[in-house]
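The residues making up each chain are set out below.
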Amino acid sequence: MEGKWRIPFNRPSFLGNEQAYMAQAIANGHISGDGLFSHKCHELLQKILQVPRVLLTTSCTDALEIAAHLLELQPGDEVIVPSFTFISTANAFVLRLARPVFVDVRPDTLNLDERKLEALITPSVKAIITVHYGGVGCEMDDILEIGNRHGLPVVEDNAHGLFGKYKGKYLGTLGCLATQSFHETKNVICGEGGALLINDPKYIERAEVIREKGSNRIRFLRGEVDKYTWIDLGSSHLPSDLLAAFLYAQLEVREEIQVRRQRIWNFYYESFREWGEQHEVRLPVVPEHCDQAYHLFFLIMPSYEQRQRLIEHLKSRGILSVFHYLPLHLSPMGQQFGGKIGDCPVAEHVSDRLVRLPFYNTLTEADQTSVVNAVLDFDC
Ligand SMILES: Cc1ncc(COP(=O)(O)O)c(C=O)c1O
């Protein structure tokens, strides 16, 4: 699909030692999970982020499922999730038989609206799940304060936000658990991949077991027990060391990746600032206290009809732009949990109007200029 576009929406690329490290993983004779490169990724992420334990997983979805398992939810327990997010943010908890309670997002950052949180908290609510949309931090001080006051764990779905910061602290280090994505559309990638960041050490031992098919194999490999066996529920959540090798090479050039993406983001922002004001097209908002992760760039068009026409207009120039989340409370599953039109008006409004522009590490200035010119030529 992507191949037919002059400028695709996303394009994965080699940026460093990916191929050499994958060859090395094979030469090491270990391409299943938790080989040399998985350990290198764990150690590097733990060191940069200062997180007690990082565990690679096969996706962010997978990491969310481990997080949901760790919270020991009982059937009928409720978790608060933003409506404007990816399916997995809610689905992971529903798999543990919890009910999602959808909260609307802020009109500026499109992050969970912390001002609407407290009204949704009942004795059935057992956790709050935040999403740092586009890698711009949620209002974590308020969210954590509300969580603490009600004894509720806060899990950060940080799929977009690796290396972003909120008030000087890395996103993904603020909740008791956090999840990362290394899907090919993210900043740092390995095709399909993710990580669980464990900030509260009480979860470490059980997370290691759940991730290894419900076994204590990881302790056996560390020489802590003399055999391993089935001790809990779990599944197979480890990525191949081939993927970890790819990921490690990308992590090594993380600063270059972030510089490239910052340039792309700033170029879009500066190019559309005035035009946006003139045509009532909204650009992303990044609060002063947030260092964003430069994950994506979007425009919010004045109407659904204009958004659809813009996507078609860009297609006619060989450029693929895409919409983003459909509000989860209005999805067929969300409606089964009682979601109805009007519950989350901001999510509903934005979802119809938002368009994401091509954004990938090797997007050239010439191609980006073509995208910008095509948008500026659009007859609003
Ligand atoms: C907020 C959010 N959470 C979770 C995911 C799922 O990530 P993955 O594809 O790594 O499972 C996505 C996907 O883009 C996402 O946007």
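What counts and how
- Residues numbered from 1 in each chain as written.
- Predicted model: local features only at pLDDT ≥ 70, side-chain atom pairs only at ≥ 80, totals over all residues.
- Heavy atoms only, no water.
- Helix = DSSP H or I, 4+ residues; strand = E, 2+ residues; numbered from the N terminus.
- Rg over C-alpha atoms; globule rule 2.2 N^0.38 Å.
- Buried < 20%, exposed > 50% of the residue type's maximum accessible area, 1.4 Å probe, protein only.
- Contact = heavy atoms within 4.5 Å.
- Areas by Shrake-Rupley, 256 points an atom, 1.4 Å probe, with all protein chains shown as cover.
- Lys, Arg positive; Asp, Glu negative; His and termini not counted.
- Charge placed at Lys NZ, Arg CZ, Asp CG, Glu CD.
- Salt bridge = Lys/Arg side-chain N within 4 Å of Asp/Glu carboxyl O.
- Polar contact = N/O pair within 3.5 Å; in protein donor to acceptor, adjacent residues only side chain to side chain.
- Near = heavy atom within 4 Å.
- 1 Å grid on protein atoms, 1.4 Å probe; cavity = no way out; pocket = protein on both sides within 12 Å on 5 of 7 lines; lining within 4 Å.
- Sits in = over half its atoms within 2 Å of the grid points.
- Core = buried A, V, L, I, M, F, W, Y, C linked by side-chain atoms within 4.5 Å.
- Points joined across faces, edges and corners; volume = space filled by probe spheres on them.
- Nonpolar A, V, L, I, M, F, W, Y, C, P; charged D, E, K, R; others polar.
- Pairing = 2+ DSSP bridges.
- Axes fitted to C-alpha atoms, helices over the stretch in contact; angles between N-to-C directions.

Let us now look at the overall build of the protein chain. Counting its regular elements, the protein chain contains 13 helices and 12 strands. In terms of overall dimensions, the protein chain is globule-like: its C-alpha atoms have a radius of gyration of 21 Å, near the 21 Å expected for 380 residues. For the protein chain, the spread of C-alpha atoms along the principal axes amounts to about 70 × 55 × 35 Å. The buried share among the 380 residues of the protein chain stands at 57%. Pairs at least 24 apart in sequence give 69% of the contacts found in the protein chain among residues at least 6 apart. Only carbon and sulfur atoms are counted for the fraction: they give 53% of the accessible area of the protein chain, which is about 16,000 Å². Once the 38 positive and 48 negative side-chain charges of the protein chain are each reduced to a mean point, those two points are 2 Å apart.

This part covers the side chain of Arg261. Checked against the element boundaries, Arg261 lands in helix 9 (residues 254–279). Here Arg261 is buried and forms no salt bridge, its nearest opposite-charge partner Glu256 lying at an N-O distance of 11 Å. For Arg261, the side chain forms a polar contact with the side chain of Asn187, separated by 3.2 Å. A polar contact is formed between the side chain of Arg261 and the side chain of Asn361, at a distance of 2.7 Å. In this structure, Arg261 is in contact with Thr185, Lys186, Asn187, Tyr294, His295, Phe359, Tyr360 and Asn361, ignoring residues within four places of it in sequence.

Glancing now at the environment of Lys116. Note that Lys116 resides in the loop between strand 3 (99–103) and strand 4 (125–131). In contact with Lys116, other than residues within four places in its own chain, are Val103, Asp104 and Val346.

This brings us to the site of the ligand. Residues in contact with the ligand amount to 15 residues; listed here are only the nearest, Thr61, Asp157, Ser181, Lys186 and Tyr325. Tyr325 places a side-chain nitrogen or oxygen 2.6 Å from an oxygen atom of the ligand. When the ligand sits alone it has 400 Å² of accessible area, and the protein chains cover 91% of it. Comparing atom positions with the cavity grids shows the ligand to sit within the largest pocket.

Right, let's talk about the nonpolar core for a bit. One finds Phe84, Phe93, Leu177 and Leu196 to be the most contacted residues of the largest nonpolar core, which totals 43 residues. Contributions of two or more residues to this core are made by helix 3 (60–70), strand 2 (78–82), helix 4 (87–94), strand 4, strand 9 (194–198), helix 6 (204–211), strand 11 (298–300) and helix 12 (345–353). Here this core takes seven residues from helix 3, the largest share from any one element. Leu15, Ala178, Ala245 and Ala249 belong to the second-largest nonpolar core, a separate cluster that totals 30 residues.

Moving on to the layout of surface pockets. Here the largest pocket defines a volume of roughly 530 Å³. As for the largest pocket, its lining consists of 25 residues, of which Phe86, His183, Thr185, Lys186 and His324 are closest to the centre. Only helix 3 and helix 4 provide two or more residues apiece to the lining of the largest pocket. Per-element accounting of the lining of the largest pocket gives the leading share, three residues, to helix 3. For the lining of the largest pocket, a count of residues per class yields nine nonpolar, 12 polar and four charged. Within this model, the second largest pocket holds a volume of roughly 200 Å³. Forming the walls of the second largest pocket are Ile48, Phe163, Tyr170, Arg254, Glu255, Gln258, Val259, Gln262, Gln292 and Tyr294. Here the element with the most residues in the lining of the second largest pocket is helix 9; it accounts for five residues. Grouping the constituent residues of the lining of the second largest pocket by class yields five nonpolar, three polar and two charged.

With that out of the way, let us pick up helix 3. Taking burial as the measure, the 11 residues of helix 3 include nine buried ones, the bulk of the element. Every buried residue belonging to helix 3 is among Cys60, Asp62, Ala63, Leu64, Ile66, Ala67, Ala68, His69 and Leu70, and all of these are buried. Taken together, the buried residues of helix 3 touch strand 1 (53–57), helix 4, strand 5 (154–157), strand 8 (177–181), strand 9 and helix 6. One side-chain oxygen of the residue at the start of helix 3 lies 3.4 Å from the amide nitrogen of Thr61, identifying that residue as Ser59.

Positive phi, close to 70°, is recorded for Leu97, a residue that is not glycine. Here Leu97 lies in the loop between helix 4 and strand 3. Not every positive phi belongs to a glycine, and Lys213 is a case in point at roughly 60°. Among the secondary structure elements, Lys213 is positioned in the loop between helix 6 and helix 7 (217–221).

Strands in a sheet are paired, the pairing made by backbone hydrogen bonds, and the direction either parallel or antiparallel. One open sheet accounts for seven strands, arranged 1-9-8-5-4-2-3; its pairing is mixed. Taken across any chain shown, the strands that pair with only one partner, and hence form the sheet edges, are strand 1 and strand 3. Between one strand axis and the next, the sheet turns by 20° as a mean value, whatever way the strands run. Relative to strand 9, strand 1 is paired through five bridges, and the arrangement is antiparallel. Bridge pairing in strand 9 links Val54 to Leu197.

Without other data, these values stay purely geometric and don't point to any function.
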